[in-house]
Amino acid sequence: MKRFIWLCLAISSQLYAQIPNLNDENRLDVATWNIEWFGHSSSGPSNEETQLANATKLLVGFDFDMIGVCEISDVAYWNKLLNNCSDYQGVLSTWNQTQKTGLLFKKDQFDFIYQKHILANYDYEFASGRLPLEVGLMPKRAGWNPKDTLRVWVLHMKANTGSSSSKVKAYNRRYNASVALKMYIDRLGSSNKGLVLGDWNDDFDQSILSGYATPFSNWIKDTNYTVLSYPLSLAGKKSTVSYNSMIDHIVATPGFKDLEIEDSTFALYCEPWISGFGNNTSDHYP
(Lines give C-alpha, C1' and ligand atoms only; values in the text may rest on other atoms or scores of the structure.)
Protein backbone atom coordinates (compact mmCIF):
# COMPACT_ATOMS: atom_id res chain seq x y z
CA MET A 1 0.00 0.00 0.00
CA LYS A 2 1.45 3.34 -0.98
CA ARG A 3 2.03 5.85 1.79
CA PHE A 4 2.14 9.57 1.28
CA ILE A 5 3.60 12.47 3.17
CA TRP A 6 1.68 15.70 3.26
CA LEU A 7 3.40 18.67 4.88
CA CYS A 8 1.85 21.80 6.31
CA LEU A 9 3.80 24.63 7.84
CA ALA A 10 1.42 27.20 9.53
CA ILE A 11 -2.00 28.70 10.45
CA SER A 12 -4.33 30.07 13.22
CA SER A 13 -7.87 30.57 14.51
CA GLN A 14 -10.14 33.42 15.53
CA LEU A 15 -13.38 31.49 15.15
CA TYR A 16 -12.86 27.87 16.10
CA ALA A 17 -15.31 26.56 13.50
CA GLN A 18 -13.42 28.31 10.71
CA ILE A 19 -10.15 26.44 11.24
CA PRO A 20 -9.81 23.98 8.34
CA ASN A 21 -9.37 20.34 9.20
CA LEU A 22 -6.32 19.27 7.21
CA ASN A 23 -6.35 15.58 8.06
CA ASP A 24 -7.04 12.71 5.70
CA GLU A 25 -6.79 9.08 6.83
CA ASN A 26 -5.14 8.16 3.52
CA ARG A 27 -2.22 10.54 4.09
CA LEU A 28 0.43 11.17 6.70
CA ASP A 29 -0.21 14.83 7.60
CA VAL A 30 2.86 16.42 9.17
CA ALA A 31 3.56 19.91 10.50
CA THR A 32 6.31 21.84 12.24
CA TRP A 33 5.73 24.88 14.45
CA ASN A 34 7.89 27.07 16.66
CA ILE A 35 5.44 28.24 19.35
CA GLU A 36 7.38 31.29 20.53
CA TRP A 37 8.57 30.95 24.15
CA PHE A 38 5.52 28.77 24.80
CA GLY A 39 4.27 29.27 28.36
CA HIS A 40 7.18 31.47 29.45
CA SER A 41 6.18 34.10 31.98
CA SER A 42 8.42 36.93 30.78
CA SER A 43 9.38 36.22 27.14
CA GLY A 44 7.26 35.86 24.02
CA PRO A 45 3.51 36.57 24.09
CA SER A 46 2.59 38.23 27.39
CA ASN A 47 -0.57 36.23 28.18
CA GLU A 48 0.31 32.54 28.55
CA GLU A 49 -3.33 31.44 28.88
CA THR A 50 -4.26 33.18 25.62
CA GLN A 51 -1.27 31.60 23.89
CA LEU A 52 -2.30 28.19 25.22
CA ALA A 53 -5.90 28.67 24.08
CA ASN A 54 -4.83 29.76 20.59
CA ALA A 55 -2.32 26.93 20.20
CA THR A 56 -4.97 24.46 21.32
CA LYS A 57 -7.50 25.79 18.80
CA LEU A 58 -5.02 25.50 15.98
CA LEU A 59 -3.71 22.03 16.77
CA VAL A 60 -7.14 20.54 17.46
CA GLY A 61 -8.62 22.28 14.44
CA PHE A 62 -5.93 21.33 11.93
CA ASP A 63 -5.90 17.76 13.24
CA PHE A 64 -2.42 16.89 11.92
CA ASP A 65 -1.14 13.36 12.47
CA MET A 66 2.15 14.70 13.81
CA ILE A 67 3.59 18.09 14.84
CA GLY A 68 7.19 18.90 15.67
CA VAL A 69 7.33 21.89 18.04
CA CYS A 70 10.04 24.29 19.22
CA GLU A 71 10.46 26.75 22.09
CA ILE A 72 8.37 24.85 24.63
CA SER A 73 9.50 26.95 27.60
CA ASP A 74 7.30 25.84 30.50
CA VAL A 75 6.64 22.17 31.23
CA ALA A 76 3.39 22.97 33.06
CA TYR A 77 1.98 24.64 29.96
CA TRP A 78 3.23 21.77 27.80
CA ASN A 79 1.23 19.42 30.01
CA LYS A 80 -1.81 21.70 29.72
CA LEU A 81 -1.47 21.61 25.93
CA LEU A 82 -1.34 17.81 25.95
CA ASN A 83 -4.37 17.70 28.23
CA ASN A 84 -6.27 20.00 25.85
CA CYS A 85 -5.20 18.01 22.79
CA SER A 86 -6.38 14.69 24.15
CA ASP A 87 -5.95 12.80 20.85
CA TYR A 88 -2.18 13.34 21.06
CA GLN A 89 0.71 11.87 22.96
CA GLY A 90 3.76 14.07 23.40
CA VAL A 91 7.47 13.76 24.08
CA LEU A 92 9.71 16.63 25.16
CA SER A 93 13.47 17.15 25.04
CA THR A 94 15.31 16.73 28.34
CA TRP A 95 18.19 19.18 27.97
CA ASN A 96 18.75 22.07 30.40
CA GLN A 97 17.99 24.94 28.03
CA THR A 98 14.65 26.64 28.63
CA GLN A 99 13.51 26.43 25.03
CA LYS A 100 12.79 22.75 24.44
CA THR A 101 11.71 20.82 21.36
CA GLY A 102 8.95 18.26 21.33
CA LEU A 103 6.77 16.03 19.21
CA LEU A 104 3.02 15.52 19.32
CA PHE A 105 1.55 12.51 17.53
CA LYS A 106 -1.85 10.88 17.31
CA LYS A 107 -2.33 8.11 19.88
CA ASP A 108 -4.45 6.06 17.50
CA GLN A 109 -1.94 6.39 14.65
CA PHE A 110 1.39 5.60 16.32
CA ASP A 111 2.93 3.49 19.07
CA PHE A 112 5.76 5.23 20.91
CA ILE A 113 9.02 3.23 20.91
CA TYR A 114 11.75 5.53 22.24
CA GLN A 115 13.17 9.03 22.49
CA LYS A 116 16.78 10.19 22.79
CA HIS A 117 19.15 13.04 22.04
CA ILE A 118 21.84 12.45 19.45
CA LEU A 119 25.18 13.93 18.36
CA ALA A 120 26.35 14.94 21.83
CA ASN A 121 29.83 15.53 20.39
CA TYR A 122 28.32 18.44 18.43
CA ASP A 123 26.82 20.19 21.44
CA TYR A 124 28.34 23.57 20.45
CA GLU A 125 27.17 23.33 16.84
CA PHE A 126 23.62 22.63 17.98
CA ALA A 127 23.19 25.97 19.77
CA SER A 128 25.24 24.96 22.83
CA GLY A 129 23.00 22.11 23.88
CA ARG A 130 19.88 22.00 21.72
CA LEU A 131 20.74 18.54 20.43
CA PRO A 132 18.38 16.92 17.92
CA LEU A 133 15.50 15.10 19.58
CA GLU A 134 15.08 11.68 17.96
CA VAL A 135 11.77 9.87 18.44
CA GLY A 136 11.03 6.34 17.27
CA LEU A 137 7.42 5.51 16.37
CA MET A 138 5.58 2.53 14.93
CA PRO A 139 2.74 3.63 12.63
CA LYS A 140 -0.54 1.74 13.02
CA ARG A 141 -1.22 1.70 9.29
CA ALA A 142 -2.20 -1.09 6.96
CA GLY A 143 0.74 -2.11 4.86
CA TRP A 144 3.37 -0.60 7.13
CA ASN A 145 6.23 -3.07 7.65
CA PRO A 146 6.49 -3.68 11.43
CA LYS A 147 10.27 -3.88 11.00
CA ASP A 148 10.35 -0.24 9.83
CA THR A 149 10.67 2.20 12.69
CA LEU A 150 9.53 5.69 11.74
CA ARG A 151 12.21 8.04 13.05
CA VAL A 152 11.48 11.71 13.61
CA TRP A 153 14.11 14.33 14.42
CA VAL A 154 13.04 17.70 15.84
CA LEU A 155 15.56 20.54 15.48
CA HIS A 156 16.11 24.06 16.72
CA MET A 157 19.31 25.29 15.09
CA LYS A 158 21.49 28.23 16.20
CA ALA A 159 19.83 31.58 15.56
CA ASN A 160 21.26 34.28 13.30
CA THR A 161 21.74 36.93 16.02
CA GLY A 162 24.33 39.34 17.38
CA SER A 163 27.09 41.29 15.65
CA SER A 164 28.25 40.65 12.09
CA SER A 165 31.03 38.37 13.33
CA SER A 166 28.60 36.57 15.65
CA LYS A 167 26.26 35.90 12.73
CA VAL A 168 29.11 34.38 10.72
CA LYS A 169 29.94 32.12 13.65
CA ALA A 170 26.28 31.17 13.97
CA TYR A 171 26.16 30.38 10.24
CA ASN A 172 29.19 28.08 10.61
CA ARG A 173 27.53 26.33 13.55
CA ARG A 174 24.39 25.69 11.48
CA TYR A 175 26.53 24.43 8.60
CA ASN A 176 28.50 22.02 10.79
CA ALA A 177 25.37 20.84 12.60
CA SER A 178 23.69 20.16 9.25
CA VAL A 179 26.65 18.11 8.02
CA ALA A 180 26.80 16.08 11.24
CA LEU A 181 23.07 15.35 11.25
CA LYS A 182 22.96 14.24 7.62
CA MET A 183 25.97 11.95 8.12
CA TYR A 184 24.18 10.40 11.12
CA ILE A 185 21.00 9.80 9.11
CA ASP A 186 22.93 8.58 6.06
CA ARG A 187 24.34 5.74 8.16
CA LEU A 188 20.80 4.45 8.79
CA GLY A 189 20.63 3.36 5.14
CA SER A 190 18.59 4.03 2.04
CA SER A 191 15.48 2.28 3.34
CA ASN A 192 15.28 4.43 6.47
CA LYS A 193 11.91 6.14 6.80
CA GLY A 194 12.23 9.36 8.70
CA LEU A 195 11.34 13.04 8.91
CA VAL A 196 13.43 16.00 10.05
CA LEU A 197 11.23 18.78 11.43
CA GLY A 198 11.85 22.10 13.06
CA ASP A 199 13.27 25.59 13.16
CA TRP A 200 16.48 25.43 11.11
CA ASN A 201 17.01 29.20 11.54
CA ASP A 202 18.11 29.47 7.91
CA ASP A 203 16.80 28.84 4.42
CA PHE A 204 17.45 26.19 1.78
CA ASP A 205 17.67 28.37 -1.33
CA GLN A 206 20.17 30.84 0.08
CA SER A 207 21.23 31.81 3.57
CA ILE A 208 19.50 34.54 5.51
CA LEU A 209 23.05 35.76 6.19
CA SER A 210 23.59 38.22 3.36
CA GLY A 211 26.03 37.04 0.70
CA TYR A 212 26.21 33.45 1.92
CA ALA A 213 25.01 30.26 0.27
CA THR A 214 22.59 28.05 2.15
CA PRO A 215 24.30 26.08 4.92
CA PHE A 216 22.05 23.14 4.02
CA SER A 217 23.18 22.43 0.46
CA ASN A 218 24.16 18.89 1.48
CA TRP A 219 20.46 17.98 1.73
CA ILE A 220 19.54 19.61 -1.58
CA LYS A 221 22.39 18.01 -3.52
CA ASP A 222 21.53 14.51 -2.31
CA THR A 223 18.48 13.68 -4.39
CA ASN A 224 17.66 10.69 -2.20
CA TYR A 225 16.34 13.22 0.31
CA THR A 226 13.26 15.37 -0.25
CA VAL A 227 13.23 18.85 1.27
CA LEU A 228 9.47 19.18 1.35
CA SER A 229 9.60 22.87 2.23
CA TYR A 230 12.12 23.78 -0.49
CA PRO A 231 9.46 24.77 -3.05
CA LEU A 232 8.26 27.38 -0.55
CA SER A 233 11.76 28.82 -0.32
CA LEU A 234 11.98 29.03 -4.12
CA ALA A 235 8.56 30.70 -4.24
CA GLY A 236 9.62 33.41 -1.79
CA LYS A 237 7.31 32.28 0.99
CA LYS A 238 8.06 32.90 4.66
CA SER A 239 7.52 30.99 7.90
CA THR A 240 7.73 33.86 10.41
CA VAL A 241 5.64 36.95 10.99
CA SER A 242 8.37 39.56 10.66
CA TYR A 243 10.93 38.17 8.19
CA ASN A 244 10.64 37.20 4.54
CA SER A 245 12.42 33.82 4.52
CA MET A 246 11.52 30.22 5.17
CA ILE A 247 13.47 29.15 8.25
CA ASP A 248 11.17 26.32 9.37
CA HIS A 249 11.50 23.17 7.28
CA ILE A 250 10.62 19.51 6.88
CA VAL A 251 12.90 16.97 5.18
CA ALA A 252 11.99 13.40 4.25
CA THR A 253 14.67 10.69 4.32
CA PRO A 254 15.41 8.25 1.44
CA GLY A 255 12.84 5.67 2.55
CA PHE A 256 10.08 8.18 1.77
CA LYS A 257 11.43 9.22 -1.62
CA ASP A 258 8.73 10.01 -4.21
CA LEU A 259 5.90 9.45 -1.74
CA GLU A 260 4.96 13.08 -1.18
CA ILE A 261 1.81 14.46 -2.76
CA GLU A 262 2.66 17.05 -5.39
CA ASP A 263 2.02 20.68 -4.44
CA SER A 264 0.82 19.71 -0.96
CA THR A 265 3.39 21.70 1.00
CA PHE A 266 2.37 25.16 2.08
CA ALA A 267 2.79 27.81 4.72
CA LEU A 268 -0.40 28.40 6.64
CA TYR A 269 -0.70 32.03 7.68
CA CYS A 270 -2.76 32.36 10.83
CA GLU A 271 -4.07 35.90 10.94
CA PRO A 272 -7.45 35.07 9.32
CA TRP A 273 -8.18 32.74 12.24
CA ILE A 274 -6.51 34.51 15.17
CA SER A 275 -6.53 38.27 15.38
CA GLY A 276 -3.15 39.55 16.52
CA PHE A 277 -1.55 36.15 16.01
CA GLY A 278 2.01 37.51 15.94
CA ASN A 279 1.55 39.21 19.30
CA ASN A 280 -0.57 36.72 21.23
CA THR A 281 0.44 33.32 19.83
CA SER A 282 3.80 33.07 18.03
CA ASP A 283 6.24 34.85 15.74
CA HIS A 284 6.40 31.68 13.60
CA TYR A 285 3.70 30.09 11.51
CA PRO A 286 2.97 26.35 11.89
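Residues numbered from 1 in each chain as written. Predicted model: local features only at pLDDT ≥ 70, side-chain atom pairs only at ≥ 80, totals over all residues. Heavy atoms only, no water.

The number of helices and strands found in the protein chain is six helices and 11 strands. Seen through its C-alpha atoms, the protein chain measures out along the principal axes to roughly 50 × 40 × 35 Å. Here the protein chain, with 286 residues, has 56% of them falling under the buried criterion. In the protein chain, the proportion of contacts linking residues at least 24 apart, taken out of those at least 6 apart, comes to 71%. Element-wise, carbon and sulfur atoms account for 47% of the exposed surface of the protein chain, whose accessible area totals about 11900 Å². (Helix = DSSP H or I, 4+ residues; strand = E, 2+ residues; numbered from the N terminus. Buried < 20%, exposed > 50% of the residue type's maximum accessible area, 1.4 Å probe, protein only. Contact = heavy atoms within 4.5 Å. Areas by Shrake-Rupley, 256 points an atom, 1.4 Å probe, with all protein chains shown as cover.)

On to the side chain of aspartate 65. Looking at the element boundaries, aspartate 65 is found in the loop between helix H1 (48-62) and strand E3 (66-72). With a relative accessible area of 2%, aspartate 65 lands in the buried category. Residues within four places of aspartate 65 in sequence aside, it is in contact with Asn23, Arg27, Leu28, Asp29, Tyr88, Leu104, Phe105, Lys106, Gln109, Phe110 and Arg141.

With that settled, the discussion passes to the nonpolar core. Counting residues in each nonpolar core, the largest one holds 29 residues, and the members touching the most others are Phe38, Phe64, Ile67, Trp78 and Leu81. Elements represented by at least two residues in this core include exactly strand E2 (28-38), H1, E3, helix H2 (75-84) and strand E4 (88-92). Here this core takes five residues from H1, the largest share from any one element. The contacts of phenylalanine 38, once residues within four sequence positions are left out, are Gln51, Leu52, Ala55, Glu71, Ile72, Ser73, Asp74, Tyr77, Trp78 and Leu81. (Core = buried A, V, L, I, M, F, W, Y, C linked by side-chain atoms within 4.5 Å.)

Quick look at the environment of tyrosine 269 now. Secondary-structure assignment places tyrosine 269 in the loop between strand E11 (248-252) and helix H6 (277-280). Taking the C-alpha atoms as reference points, tyrosine 269 and serine 239, separated by 30 residues in sequence, lie 8.3 Å from one another. A distance of 2.9 Å separates a polar side-chain atom of tyrosine 269 from the backbone oxygen of lysine 238. (Polar contact = N/O pair within 3.5 Å; in protein donor to acceptor, adjacent residues only side chain to side chain.)

Contact pair H1 / H2: the axes reach a minimum separation of 10 Å and the direction vectors enclose 35°. As for how H1 packs across H2, the hand of that crossing is right-handed. Note on element contacts: H2 touches H1 through Tyr77, Lys80, Leu81 and Asn84, opposite Glu48, Glu49, Leu52, Ala55, Thr56, Leu59 and Val60. (Axes fitted to C-alpha atoms, helices over the stretch in contact; angles between N-to-C directions. Left-handed = near helix turned anticlockwise from the far one by under 90°.)

Another point: the layout of surface pockets. In this structure, the largest pocket encloses a volume near 490 Å³. Lining the largest pocket are 20 residues; nearest its centre among them are Ala159, Asn160, Asn201, Tyr243 and Ile247. A per-class count over the lining of the largest pocket returns five nonpolar, 10 polar and five charged. (1 Å grid on protein atoms, 1.4 Å probe; cavity = no way out; pocket = protein on both sides within 12 Å on 5 of 7 lines; lining within 4 Å. Points joined across faces, edges and corners; volume = space filled by probe spheres on them. Nonpolar A, V, L, I, M, F, W, Y, C, P; charged D, E, K, R; others polar.)

Helical geometry: 3.6 residues make up each α-helical turn, so side chains three or four residues apart lie on a common side. Buried residues of H2: Tyr77, Trp78, Leu81 and Leu82, and no others. Viewed along the axis of H2, the buried residues span an arc of 145°, placing them on a single side of the element. For H2, the N-terminal cap is aspartate 74; the gap from its side-chain oxygen to the backbone nitrogen of alanine 76 is 2.9 Å. (Arc of directions from axis to C-beta.)

With respect to topology, six strands assemble into an open sheet ordered E6-E7-E8-E9-E11-E10, the strand pairing being mixed. Each edge of the open sheet is held by one strand with a lone partner, namely strand E6 (110-117) and strand E10 (226-227). Where E6 and strand E7 (residues 133-139) come together, seven bridges link them in antiparallel fashion. Looking at E7, one finds that aspartate 111 is bridged to methionine 138. Each of E6, E7, strand E8 (150-156) and strand E9 (194-199) is contacted by helix H3 (residues 164-186), which is oriented at about 175° to E8, the strand it contacts most. (Pairing = 2+ DSSP bridges.)

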